[in-house]
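Observations on the three-dimensional arrangement
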Amino acid sequence: MTLYEKILPWLERSPFFQELPSLPLSPERHQLHHLNQSARALAAAHLWAKTGKDILIVSQDDIIAEDIWDDLCTLIGGANAHYLPDYEILPYEERSPHYSIRATRMMCLHRVLENNPAIYSLSIRALLRWLPPLDNIARHVKTLRPGQEYPPEELMRDLVFMGFDVEYQVNKVFQVARRGGIVDIFSPPGLKPVRVEFFGDEIITMRHFSPNTQRSEPGEVPAYTVIPAREFCLDDV
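Below or above, wherever it landed, is the structure these notes cover.

Rules used in this analysis
Numbers given to residues run from 1 along each chain, matching the order in which its sequence is written. Residue-level local features of this predicted model are given only where pLDDT is at least 70; pairs of side-chain atoms are given and counted only at 80 or more, and the full residue set underlies all totals for whole chains, interfaces and linings. The basis for the side-chain values is all heavy atoms of the structure; hydrogens and waters are excluded. Each nonpolar core is a collection of buried residues, namely Ala, Val, Leu, Ile, Met, Phe, Trp, Tyr and Cys, held together in the definition by side-chain atoms within 4.5 Å. Residue exposure (1.4 Å probe, protein chains only): buried if accessible area is under 20% of the type maximum, exposed if over 50%, otherwise partly exposed. Under the DSSP-based scheme used, a helix requires at least four consecutive residues in state H or I and a strand at least two consecutive residues in state E, with every element numbered from the N terminus. Residue contacts follow a heavy-atom distance rule, with two residues in contact if any of their heavy atoms lie within 4.5 Å. Think of a salt bridge as a Lys or Arg side-chain nitrogen and an Asp or Glu carboxyl oxygen that are within 4 Å of each other.

Attention now moves to the nonpolar core. Generally speaking, a soluble globular protein has its nonpolar side chains buried in company with each other. Judged by nonpolar contacts, the single largest core of 37 residues is most densely connected at Leu144, Phe164 and Ile185. Ranked by residue count, the leading element in this core is helix H5 (residues 99–114), at four residues. Look past the residues within four positions of Leu144 in its chain and what remains in contact with it is Tyr150, Leu155, Ile185, Val196, Ile203, Met206, Pro222, Ala223, Tyr224 and Val226. In terms of nonpolar packing, the next biggest core, distinct from the first, is built from 22 residues, Ile68, Leu72, Ile76 and Ala81 among them.

Written out as C-alpha cells, the structure is:
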C-alpha cells in the first residue's frame with residue numbers, strides 16, 4: 001500500500017480534494033493558488049488516481065521538478081511517477097550530457113512508450129525541447145530472453161548503434177563488454193547489469209552481476225530489457 005492510499009480516507013474528507021477530480025472535466029480553465037511543493041505533488045497524485053489519466057507537472061527549473069518527482073515517488077511509488085530532466089548543456093556546447101541524465105531521460109521516455117497512465121515532472125526547458133518520434137525510440141527497445149536466437153556480433157553492432165560504449169568491463173549504465181561468447185550489458189530500466197551467455201547464436205543463460213566485483217549473482221534472469229542510450233540512434237541518421 002502506497003502512502004497516498006494510506007492517507008486517502010483523510011483526503012476524501014476535505015472539500016478541496018472532493019472537488020478536485022471534477023475540475024479537468026469542466027470546459028473552464030482553473031488555477032490553484034498558494035500550493036507549496038508537496039501540496040502540488042499531492043494534488044497531482046489525487047488527480048491521477050481519480051481520473052486514470054496522464055498528469056504533467058511543469059516547473060520553472062529542474063531542481064524543483066526533481067524535488068516534486070521525489071515527493072511523487074514517496075506518495076505513489078516510482079513506477080507511477082517519472083522525471084524528464086533537461087540536458088543541462090547549451091545546444092552548441094561540444095560535450096555530451098552526463099550519462100545519469102541520459103539514463104533518466106531514456107527511462108522516462110521508455111515509460112511513455114508503455115502507455116500506462118502516470119505523472120511526469122519536468123522543467124519548462126525540458127518541455128520546450130523537441131523529441132524525436134517515439135516510434136524511432138520504440139523500434140530500438142529490445143528484450144533479451146534465454147533460448148532467443150541473437151548472434152553476439154549482431155547484438156554488439158545494435159548496441160553500438162543505440163549509443164552504448166564498448167568497454168573492457170561494465171561499470172555503469174549504457175556500457176557493454178564482450179569476452180568470447182559472454183556479453184555484459186548495463187541498461188536502464190534494470191537496476192543491475194546482466195551477463196548474457198551464448199552457445200553459438202543462442203542465448204542460453206542470463207544472470208545479474210556486480211559491477212564492483214564482476215562476479216555473477218545466483219539465479220537466472222528470465223528477461224532483460226535494453227533501451228537506447230540516446231534519443232537518436234546511429235541507424236536513424
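Looking now at the pattern of salt bridges. Applying the stated criterion across every chain yields a total of 13 salt bridges. Between Arg157 and Asp158 there is a salt bridge, with the nearest N and O atoms lying 3.3 Å from each other. Judged by relative accessible area, Arg157 falls into the partly exposed class, the value being 43%. Ionic pairing is found between Glu220 and Arg207, a salt bridge with its closest N-O pair at 3.9 Å. Note that Glu220 is positioned in the loop between strand E9 (202–208) and strand E10 (224–226) and Arg207 in strand E9, a separation of 13 residues in sequence.

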